[in-house]
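For reference, the chains in residue letters:
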Number of protein chains: 2
Amino acid sequence: MKRWCLAGVLVSLIPLVQADATAPAGVGQRIAEQGTPQGAAPCASCHGPDGSGNAEAGYPRIAGLGAGYLEKQLRDLASGQRNNPVMHVMAMHLNDAEIAAVAGYYSDLPAPQASATLQQDDGSQMAADLITWGDWVGRRLPACARCHGPDGNGIGAHFPGLAGQQQRYLESQLRAWRQGQRTNDPLGMMRRVAQQLTDAEIRALAADYAALPPGRPTPAPNAPEPGFQLAAEAALTASAQVPSDFQPPARNALPSGPLGAMIGEGQAIFLETYRHPASAQYVGNKLACVHCHLDTGRLAGSAPMWAAWIAYPAYRNKTKQVDSFAERLQGCFTYSLNAEGSSAGAAPSLDSEPIRALAAYAFWLAQGAPTGATKLPGRGYPRLEETPRGFDPQRGEQVYATRCALCHGSDGAGVISTEHQVLFPPLWGPQSYNWGAGMQAIDTAAAFIKANMPLGIAGALTDQEAWDVAAFVDAQQRPQDPRFTGDLQETAKRFHSGRFSLYGQVKGPDGRILGAGR
Amino acid sequence: MKRWCLAGVLVSLIPLVQADATAPAGVGQRIAEQGTPQGAAPCASCHGPDGSGNAEAGYPRIAGLGAGYLEKQLRDLASGQRNNPVMHVMAMHLNDAEIAAVAGYYSDLPAPQASATLQQDDGSQMAADLITWGDWVGRRLPACARCHGPDGNGIGAHFPGLAGQQQRYLESQLRAWRQGQRTNDPLGMMRRVAQQLTDAEIRALAADYAALPPGRPTPAPNAPEPGFQLAAEAALTASAQVPSDFQPPARNALPSGPLGAMIGEGQAIFLETYRHPASAQYVGNKLACVHCHLDTGRLAGSAPMWAAWIAYPAYRNKTKQVDSFAERLQGCFTYSLNAEGSSAGAAPSLDSEPIRALAAYAFWLAQGAPTGATKLPGRGYPRLEETPRGFDPQRGEQVYATRCALCHGSDGAGVISTEHQVLFPPLWGPQSYNWGAGMQAIDTAAAFIKANMPLGIAGALTDQEAWDVAAFVDAQQRPQDPRFTGDLQETAKRFHSGRFSLYGQVKGPDGRILGAGR
């Protein structure tokens with residue numbers, strides 16, 4: 001706190017002058033190196049000439065961060081939405097064009113080297129677990145990597161890169177989030193996460209992220225500003241923990257030998273089904289098992305694999321037969337993963353590598369679970385009661401814009417990295433689940449959303465919002481139902497006769513009846 | 001008892017004269033109708049002109065019973081091995097030829113109608129359960145039908161037909177077995193069974209069998225007289241109950257709907273794999289799952305299905321891969337059921353009806369069992385420690401002759417009814433498991449035998465006897481190993497290198513090296 005005050009004294013000596021409304025090329029660099037006549041100090045004076053920040057003072061590195069993120073922070077600092085007396089003064093003297101220019105300048109600078117060296121200790125393991133897996137069971141904490149990117153380099157304007165950031169800065173910000181001193185996070189997500197971190201975890205995470213090599217962030221999806229108000233009221237108290245008597249084995253308890261290797265492969269396929277070498281050829285979109293089964297299929301209330309394993313074989317109305325677990329997996333490929341559009345053109349066979357490996361993985365997750373218990377608490381998605389107002393795609397559009405588009409994009413296409421890694425899954429369009437998938441049924445989608453979305457603040461949506469946004473998502477065009485008979489109305493009648501599918505019923509945003517998309 | 005005494009008084013009036021050593025045609029009928037000059041009373045005087053016995057007096061029907069059985073009883077009555085003062089006097093006055101003649105005469109008579117009407121009450125259900133299933137879990141009681149035939153019409157000389165027998169006679173005999181008054185049963189089997197029956201069960205069984213329509217018995221296998229001495233010492237105390245914490249669901253607790261139907265089909269396939277319409281085409285011998293997995297795959301210590309279900313997928317040395325449960329089932333078809341010799345020529349596919357149904361059945365048996373518990377008590381066959389004397393097929397041949405041939409036949413071919421139903425499974429030769437099966441390994445066979453054989457008196461064999469007889473059985477020719485490379489020694493080296501397989505190692509009884517049989 002003393003350091004911030006000292007910096008405030010220094011910059012207050014510079015007179016305040018109104019900046020231009022637009023800024024020509026080179027303006028960003030000039031502001032960085034010389035400040036502005038209107039009163040902004042040179043950024044370099046604190047953040048260093050290369051933008052790498054100051055380890056000792058805890059000033060963040062800003063070089064190589066996303067321009068959208070830097071812009072947003074400067075605006076929030078100017079408006080007071082982000083509370084920092086020193087930077088408030090700086091930012092309030094920059095006009096929109098100057099903010100864009102200086103953000104662009106620093107974003108284009110090469111990211112400096114990591115600011116710390118990775119310590120191989122218990123804290124590092126603790127941090128690595130939180131970064132990669134989160135702590136869903138205990139605290140419903142999503143993995144840091146889910147929003148900050150698999151390499152910690154950030155996604156778009158709301159999820160900054162953390163890799164290589166100054167350790168002291170990371171620690172101070174996590175504490176600020178935790179204590180409510182920092183509040184400019186979308187939907188209150190970061191506050192809810194930080195509130196549940198221990199001091200030791202904060203130290204470990206800061207040390208770990210500081211030691212990661214920084215790289216380029218992934219561009220944000222095209223989306224309006226998310227709703228921030230959700231944070232203060234609902235999200236911070238939301239913790240939709242679905243009760244469960246069962247716990248799958250610890251991730252690090254994999255058995256040794258070929259079975260363990262196969263289980264590990266199954267887990268890897270589960271996480272990246274669309275691009276894993278064993279499964280990619282059977283996936284016709286950009287989805288993975290984990291997108292519908294959070295926490296790698298472990299999470300109660302998110303259709304966990306352990307509850308599914310012990311419930312098969314079972315008769316299914318969809319197939320009109322008793323399906324084995326392997327056949328149920330084939331169904332996921334056929335519909336949710338749109339296998340017809342894959343290079344193989346069909347779901348993997350019962351004795352194929354991905355089916356074997358995914359089955360072995362589910363079997364392992366179910367270690368100790370009672371065979372045949374079809375009502376094990378935590379199975380499937382918790383059923384969501386219907387509301388008096390029903391569901392309405394138009395109402396849902398507003399919910400989507402302020403609560404979902406942040407990650408999934410206004411066009412529902414999600415976020416895919418330049419390495420073809422899916423960071424946020426597509427919800428409709430050619431890369432999403434098809435019209436045969438369970439999730440195209442509005443009741444199923446509403447149940448999933450209510451229990452699991454937005455990620456990490458599940459429960460923050462009202463039942464009505466969950467129903468409406470599910471209806472909105474499922475009122476978009478998506479790949480054809482593999483059971484398509486050649487006749488839309490016939491297919492609708494045979495496979496979509498319930499109240500909860502809009503297939504063949506209403507027009508999509510493109511003016512065509514849903515399901516007539518291709 | 002009074003009635004027997006009265007009969008004794010009546011017959012003692014007839015003088016005792018030595019009969020001829022041979023008997024011409026018609027002698028049987030003459031003895032039956034007129035008795036013998038040597039002192040045997042006419043059988044018809046007590047057993048009726050049609051041999052149907054006497055319900056009131058409790059005299060058994062003898063018409064239509066197996067000739068071998070009738071002969072044996074007459075000899076035992078003559079020698080006193082079967083204790084009956086009246087019949088002792090009759091039988092001792094018949095020479096061997098006369099015994100054969102009168103036995104043949106009555107055996108050829110048409111069986112009379114059932115002597116009672118089936119009562120549909122609780123007792124009848126109790127009896128039907130014992131007849132069809134036995135009570136393995138509680139008392140390790142095999143089903144009555146296992147030895148007396150599926151229709152209760154008896155098998156060979158040692159397992160009489162009970163269907164349509166006089167109810168009072170059946171009851172009195174069961175009590176006599178239970179109290180040790182009757183002792184002429186092979187290996188003490190019937191005594192051990194009867195000792196564990198309650199009064200209510202004895203009444204119910206007698207009533208039920210008396211009401212069954214009698215028919216022709218199935219001929220006995222070709223075999224020497226079994227050892228009877230086992231009975232008194234070992235068998236009556238033997239009850240090799242394998243401890244188990246787990247109980248599969250009751251047979252009558254099948255779920256309703258398509259899954260229940262499939263489970264039921266799986267159970268039916270399990271019992272008659274060789275001839276069930278869904279599985280027969282994949283079975284190249286005369287075996288069924290139940291022949292290695294007693295009590296329809298329910299019995300602890302007999303490789304129960306519930307313990308297998310929860311242990312898969314698993315890595316297997318035999319296949320060098322992680323096998324699913326369905327793949328494990330395929331292995332049973334390939335080896336134990338010799339699928340290569342079937343009309344389909346191969347094991348059923350993973351999505352075939354028998355694999356689906358058997359998997360559903362195993363899944364159901366495992367209801368509530370903890371997934372992944374590979375050490376669940378009762379799994380597999382209890383490992384049998386090696387003995388200082390090792391194992392020796394030649395020593396085993398004696399054990400086999402006196403303990404096993406009774407049911408499985410001197411030629412190991414078992415007993416198959418005229419309706420092609422396997423009553424006792426073949427242990428070697430073209431209709432038995434092939435050289436790739438688990439049971440061709442002597443240690444596996446010894447473990448199975450020790451824990452489960454002879455049926456109903458498991459534990460009656462010493463460890464040494466179990467090892468030796470296993471070695472004898474597995475020193476016989478059987479269908480070729482499906483993994484046969486074309487070269488016996490190469491195949492032996494690759495797949496039979498352990499100490500417990502004799503394949504390619506020694507000569508069989510036909511003078512050819514084992515495995516060179518075809």
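Definitions and limits used
- Residues numbered from 1 in each chain as written.
- Chains lettered and ligands numbered in written order.
- Predicted model: local features only at pLDDT ≥ 70, side-chain atom pairs only at ≥ 80, totals over all residues.
- Heavy atoms only, no water.
- Core = buried A, V, L, I, M, F, W, Y, C linked by side-chain atoms within 4.5 Å.
- Buried < 20%, exposed > 50% of the residue type's maximum accessible area, 1.4 Å probe, protein only.
- Contact = heavy atoms within 4.5 Å.
- Domains from an automatic or database assignment.
- Buried area = accessible area lost by both parts, 1.4 Å probe.
- Salt bridge = Lys/Arg side-chain N within 4 Å of Asp/Glu carboxyl O.
- Polar contact = N/O pair within 3.5 Å; in protein donor to acceptor, adjacent residues only side chain to side chain.
- Helix = DSSP H or I, 4+ residues; strand = E, 2+ residues; numbered from the N terminus.
- Nonpolar A, V, L, I, M, F, W, Y, C, P; charged D, E, K, R; others polar.
- Arc of directions from axis to C-beta.
- Phe/Tyr/Trp six-rings, centres within 6.5 Å; stacked < 30°, edge-to-face > 60°.
- Lys NZ or Arg CZ within 6 Å of the ring centre and 35° of its normal.
- Disulfide = S-S within 2.5 Å.

K.L.:
I would appreciate a short explanation of the nonpolar core in the present structure.
P.N.:
Generally speaking, soluble globular proteins have nonpolar side chains that are buried together. Within the largest apolar cluster, 177 residues are counted, with the highest numbers of intra-cluster contacts made by F325(A), Y400(A), F325(B) and Y400(B). Setting aside residues no more than four positions away along its own chain, F325(B) makes contact with M305(B), A308(B), W309(B), Y312(B), L358(B), A359(B) and A362(B). Judged by nonpolar contacts, the second largest core, of 23 residues, contains C43(A), A101(A), A103(A) and L109(A).

K.L.:
I keep staring at the domain arrangement of chain A and nothing clicks. Help me out?
P.N.:
Bring the parts together and some accessible area is lost; that lost area is often taken as the interface size. Residues and elements named next belong to chain A. Domain boundaries assigned for chain A yield domain 1 (2-108), domain 2 (122-220), domain 3 (259-365) and domain 4 (393-495). A buried area of about 1,700 Å², summed over both sides, lies between domain 1 and domain 2, and 43% of it is on carbon and sulfur atoms. Ranking the residues of domain 1 by area buried against domain 2 places R61, Y69 and R82 at the top, with a combined share of 34%. Linking domain 1 to domain 2 there are zero salt bridges. There are 13 residue pairs in polar contact (both at pLDDT 80 or more) connecting domain 1 and domain 2. When residues in the side of domain 1 that touches domain 2 are grouped by element, the largest group, five residues, is from helix α4 (residues 67-79). Residues of the side of domain 1 that touches domain 2, tallied by class, amount to six nonpolar, eleven polar and six charged.

K.L.:
Any chance you could explain the environment of Q34(A) here in plain terms?
P.N.:
Inspection of the secondary structure assignment puts Q34(A) in helix α2 (residues 27-34). The spatial distance from the C-alpha of Q34(A) to the C-alpha of A44(A) is 8.1 Å, given a sequence separation of ten residues.

K.L.:
What exactly am I supposed to notice about helix α5 (residues 85-92) of chain A here?
P.N.:
Counting along an α-helix, one turn takes 3.6 residues, and residues three or four places apart therefore face a common direction. All names here are of chain A. The complete set of buried residues in α5 reads V86, M90 and A91. Looking straight down α5, one finds that the buried residues subtend no more than 120° of arc, so they occupy a single side. Its side-chain oxygen at 3.1 Å from the backbone nitrogen of V86, N84 defines the N-terminal cap of α5.

K.L.:
In this structure, what is going on with the packing of aromatic side chains? I would like to understand it.
P.N.:
Each aromatic ring pair is summarised here by two numbers: the centre-to-centre distance and the angle between the ring planes. If you walk through the whole model with that rule in mind, you get 34 aromatic pairs over all chains. Seen from their ring centres, Y282(B) and F333(B) are 6.4 Å apart, and the 85° between their planes marks the pair as edge-to-face. Here Y282(B), found in the loop between α14 (257-271) and α15 (294-297), pairs with F333(B), found in helix α17 (residues 325-336); they are 51 residues apart in sequence, far enough to count as distant. Residues Y282(B) and F333(B) agree in their burial class; the two are buried. By the ring-pair criterion, three or more aromatic residues cluster together here, those being W309(A), Y312(A), F325(A) and F363(A). The side chain of R478(A) reaches across the aromatic face of Y433(A), ending 3.8 Å from its centre. One residue, R478(B), lies across the ring of W435(B), its end atom 5.7 Å from the ring centre.

K.L.:
Sorry, what's going on with the interface of chain B and chain A here?
P.N.:
Each side of the interface is counted separately: chain B has 26 residues, and chain A has 25 residues. When chain B packs against chain A, close to 2,000 Å² is buried across both sides, 64% of that on carbon and sulfur atoms. The largest per-residue losses of area from chain B upon contact with chain A belong to P313(B), V322(B) and T371(B), which jointly make up 30% of the total buried on that side. Counting every contact that joins chain B to chain A gives two salt bridges.

K.L.:
Would you mind going over the state of the cysteines with me for this structure?
P.N.:
Disulfides are covalent bonds that connect the sulfur atoms of two cysteines. One pass over the structure, following the stated rule, counts zero disulfides over all chains. Its sulfur unpaired, C292(A) is 7.9 Å from the next cysteine sulfur, which belongs to C332(A). For C292(A), a relative accessible area of 17% translates into the label buried. In this structure C404(B) is a free cysteine whose sulfur lies 9.0 Å from that of C407(B), the closest cysteine sulfur available. On the basis of relative accessibility, which here comes to 15%, the residue C404(B) falls in the buried class.

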